Structures are given as structure tokens and as C-alpha cells.
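Now for the letters of each chain:
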Amino acid sequence: MPRPILATIHTEALRHNLARMRLAAPDARVWAVVKANAYGHGIERVFEALRGADGFALLDLQEAERVRALGWRGPILLLEGVFEPRDLELCSRLDLWHVVHCEQQIDWLAAHKTQQPQRVFLKLNSGMNRLGFAPALFRAAWTRLNALPQVDEISFVTHFSDADAERGIAHQARIFEEATRDLPGERSLANSAATLRHAQDPAVRADWIRPGIAVYGSAPDHPEHDIVHWDLQPTLTLASRLIGVQALQPGDTVGYGSRFVADAPMRIGVVACGYADGYPRHCGTGTPVLVEGVRTRLVGRVSMDMLAVDLSPVPQAGFGSEVTLWGRAGSGAVLPIDEVAQAAGTLGYELMCAVAPRVPVAVD
Ligand SMILES: Cc1ncc(COP(=O)(O)O)c(C=O)c1O
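Residues numbered from 1 in each chain as written. Predicted model: local features only at pLDDT ≥ 70, side-chain atom pairs only at ≥ 80, totals over all residues. Heavy atoms only, no water.

Caption draft 1: The overall build of the protein, seen in detail. Secondary structure assignment for the protein yields 12 helices and 19 strands. Each of the three principal axes of the protein carries a C-alpha extent, and together these read 75 × 40 × 35 Å. Buried positions account for 55% of the 364 residues belonging to the protein. A separation of at least 24 residues holds for 64% of the contacts in the protein among residues at least 6 apart in sequence. Carbon and sulfur atoms make up 51% of the accessible area of the protein, which amounts to about 15,700 Å² in all. With 35 positive and 41 negative side-chain charges, the protein shows a separation of 2 Å between the mean positions of the two kinds. (Helix = DSSP H or I, 4+ residues; strand = E, 2+ residues; numbered from the N terminus. Buried < 20%, exposed > 50% of the residue type's maximum accessible area, 1.4 Å probe, protein only. Contact = heavy atoms within 4.5 Å. Areas by Shrake-Rupley, 256 points an atom, 1.4 Å probe, with all protein chains shown as cover. Lys, Arg positive; Asp, Glu negative; His and termini not counted. Charge placed at Lys NZ, Arg CZ, Asp CG, Glu CD.)

So this is what it looks like as C-alpha cells:
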């Protein structure tokens, strides 16, 4: 018997979330962002559900090869562009569009021998100070690119640092507008948070949106809003079962470091899931968990292969009971990944990318 832990990818939820993002920006085309192996879901597992997108955006050339191998003939965008000159050959061979964010990438393009001019997305650093040309250098970069026979079409891209929070997108959208004014070409600015929170902003309504996290059923601005607010559905369930039950008396403790002390008689369940499965060790007592679809709490420290849960709200639970660490229980009850991430002091992004290779995955 394998350990009873299982991750399940919900393809209907992926379809729903993609449609939801389209609804938020009905005039834009949609890049489904599938970097980091589709945010941990697995490119091959999400592909059918997301093939209604207008394109796929990702980082690794190997991931681009995998998307082409699945039969995708439409646009693929390399969000960080190429990492070395020979990557450009693969761009030609696989017809990949790529971001150009620095002078080195223009140098490589200028030296690239190809019969097939390439489509590039020139990236502006509008304030995040990660990748992209500073506004003062942007036009010169465009002029250089525009003179290259290796370049076919130039589009424009930038990325928001605060779309999920109070500072918002207006300051960066203005810088982008000024830097690209009068330049011909398509534009792409919005991630999930910008698309959902600033749907009326003309910057979001540009040619392409680039949602990632919302497609994977996590609210980009949790805890201000949750997935119910944004009408998103969980796309990844991490579930397991109780492999032990203990009856505690007042004063009894649970797990390493005796972090939890019972103050009354109670039952706890021991779950086949630990930090070696990708469940965060930072989650402490009180982190929400569903047992038989009923909300209860984690107690004590998470160990490598096990964690403990309070069975007080679920007296009927026992050996073999279903445990939902996040996602959707068999009863239909939902525990958003964002709540677990919050308890661990992190984001849904990190949890979904961190499910360990030892966890078997099913697709429904
Ligand atoms: C350049 C770029 N575009 C789009 C996205 C998608 O962002 P999100 O997952 O927040 O929607 C990312 C993710 O970090 C990104 O780096």
C-alpha cells in the first residue's frame, strides 16, 4: 500500500478560472502563465484545460519545448527572454516569442544568423527594478531593435510590483504610457492582481494580460480578498488520511518540542503528511485543516512525514478518515490554499510550487 497522501489537479477549476480572467479583461488576449511547471501543477496536466488561452508564458526553454511537444502551435512567450545566444536558435526552431530586457540580449540578436525574423517583447523597468530597460534607455533600445533584420515585430511589456496592494498600478502604468507613447506594437502589463483589482484601468485592457496565480485558484490579494470574492476555484487539492488516533488527557503534549499541551481530554488524529511532502513546517497550532470535510485545526509541530489535528469538532472521525490539507474535500467543502499559506507566513504561490515529488498526483 502506498502512503495515503495524494495531490489532485482539478481541470474544470482551471477552465473556470481561465474563463474568469477572460471575463475581467474581455478585450484582451490571455497568456496563461505556466512557468515553474505550471505553478507546480505540471504543464502536461494543465495543458488541455488551459489550451483555450491565446498563448502560454513561461521561463524555461525546456518548458517551451514541452508545450510544443503537446501540440501547441500558438504563441509562447519567454518571460525572461533568452539566457545565452544559442537559445535564439531554439526560438527560431520552435517559433518562440521572447522578452528583451537588457543590452546583452540585443547584442546576441544582432549576431544571430537566421532566415526567420523573431518577435520580441521589449521590457520596460517601470519601477519594480527587477528586469527591463530604465525609461531613459528605453527608446534607444527600441531603435536598436527596430534596426535589426533579425527582429520582426516589437511589442512592449512591463510588470507591476504592487498590483495586489494599496500602492496599485497607476504610477507604473503612467511611466509605461510615457515610455511607449507613439511606438507601434502590442502591449502587455497585467498579472492576476492587476487584472482582477484594476479591471477598468486602460493598462489592464491592453492587448495581452498575463495571469498566473488566479488561474491556479489562489486569490492574488489574500487576505484582503479570498477566492470566493473573486469567484475562483481551487485547482490543487492536497489530501491524506488519518493513520493514527490518540486520546489525550489534560497536560499531555503533542509532537516534537511538546508545542501543544492539552487542557482537557481530547482526541487527536495523526495525518500522513509532513514537510517532506511540501506541507510547510512553519504552520503551527491553529492552522486550518478539513477532516471528513469539517474544519478543524492543526496541533503541535509539523514533522517530516506526519502532522496532528484536533478531532474535537469531528467526533465521528477515526483511522482512515479523509483529511484535506488544502483544496476541495470529498464533501465539496473548500479550504483555500491561501489560508494555509497565511498560517505559514507565505503565499499560495510557494505552497503550490513546493508539493514534493514523492506525492502522487491525480488529475480529475
Ligand atoms: C513577468 C510576469 N508576468 C506575469 C506573471 C504572473 O503573475 P501572477 O501569478 O501574479 O498572476 C509573473 C509572475 O510572477 C511574471 O513574472
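Now that the structure is up, let's keep going.
Caption draft 2: Quick peek at the pattern of salt bridges. Taken as a whole and assessed by the stated rule, the structure comprises 18 salt bridges. The closest approach of N and O atoms between R295 and E339, which form a salt bridge, is 2.4 Å. Separated by 44 residues along the polypeptide, R295 in strand β15 (residues 294-299) and E339 in helix α11 (residues 337-343) bring together distant segments of the chain. Look at E339 and you get partly exposed, because its relative accessible area is 23%. Shared partners join several salt bridges into a network, and the residues in it are R3, D277, D305 and R358. (Salt bridge = Lys/Arg side-chain N within 4 Å of Asp/Glu carboxyl O.)

Caption draft 3: Broad picture of the site of the ligand. If you check the shell around the ligand, you find 13 residues, and the closest are Y39, S192, G212, I213 and Y349. In this structure, R130 approaches the ligand through a side-chain N or O atom, which is 3.2 Å from an oxygen atom. Here the shell around the ligand is built from residues that sort into 5 nonpolar, 4 polar and 4 charged. (Near = heavy atom within 4 Å. Polar contact = N/O pair within 3.5 Å; in protein donor to acceptor, adjacent residues only side chain to side chain. Nonpolar A, V, L, I, M, F, W, Y, C, P; charged D, E, K, R; others polar.)

Caption draft 4: Examining the nonpolar core more closely. Among the nonpolar cores identified, the biggest contains 113 residues, and L50, L122, L145, Y216, Y279 and W326 are the most heavily contacted of them. Each residue touching L50, except ones within four places of it in the same chain, is listed here: L14, L18, A32, V34, F56, V215 and Y216. In terms of nonpolar packing, the next biggest core, distinct from the first, is built from 8 residues, L248, M266, V299 and A308 among them. (Core = buried A, V, L, I, M, F, W, Y, C linked by side-chain atoms within 4.5 Å.)

Caption draft 5: The arrangement of the state of the cysteines in detail. Scanning all chains against the criterion turns up 0 disulfides. With no disulfide of its own, C102 has C91 as its nearest cysteine by sulfur position, at a separation of 13 Å. This cysteine, C273, is not joined by any disulfide, and C283 carries the nearest cysteine sulfur, 9.7 Å off. According to the relative accessible area criterion, C273 is buried, its value standing at 0%. (Disulfide = S-S within 2.5 Å.)

Caption draft 6: Focus on the confidence of the model for the protein. Summarising the model, the protein shows a mean pLDDT of 97, and 100% of its residues fall at 70 or more. Confidence scores differ between elements of the protein, with helix α5 (residues 87-94) showing the lowest mean pLDDT of 96 and strand β17 (residues 322-328) the highest of 99. (pLDDT = per-residue confidence, 0-100.)

Caption draft 7: Quick peek at helix α4 (residues 61-69). Regarding α4, the residues found buried are L61, E63, A64, V67 and R68. Down the axis, α4 shows its buried residues gathered within 155° of arc, on one side only. Set apart from the buried face of α4 by more than 90 degrees, the exposed residues are Q62 and A69. Where the residues of α4 are buried, they touch α2 (35-39), α3 (43-50), β3 (55-58), β4 (76-78) and α5. G71, located one to two residues past α4, shows a positive phi value of around 100°. (Arc of directions from axis to C-beta.)

Caption draft 8: Expanded view of the packing of α4 against α5. Put simply, α4 and α5 touch, their axes get as near as 11 Å, and they point 15° apart. Between α4 and α5, the angle is such that the two are roughly parallel. In this structure, the crossing between α4 and α5 has a hand that is left-handed. Contacts between α4 and α5 involve L61, E65 and R68 from the first element and D87, L90 and L94 from the second. Looking at side-chain class alone, the contact of α4 with α5 contains 3 nonpolar, no polar and 3 charged residues. (Axes fitted to C-alpha atoms, helices over the stretch in contact; angles between N-to-C directions. Parallel < 35°, antiparallel > 145°, perpendicular 65-115°, else oblique. Left-handed = near helix turned anticlockwise from the far one by under 90°.)

Caption draft 9: Local environment of unusual backbone geometry. The amide bond that connects H222 to the next residue, P223, takes the cis arrangement and shows omega of 5°. With respect to the secondary-structure elements, P223 resides in the loop between β9 (208-209) and α10 (227-230). Backbone geometry places A36, a non-glycine residue, at a positive phi of 50°. Tracing the chain through its elements places A36 in helix α2. Its relative accessible area of 43% is what places A36 among the partly exposed residues. Notably, D182 is not glycine yet its phi reads approximately 70°, a positive angle. Locating D182 in the fold gives a position in the loop between α8 (170-180) and β8 (187-188).

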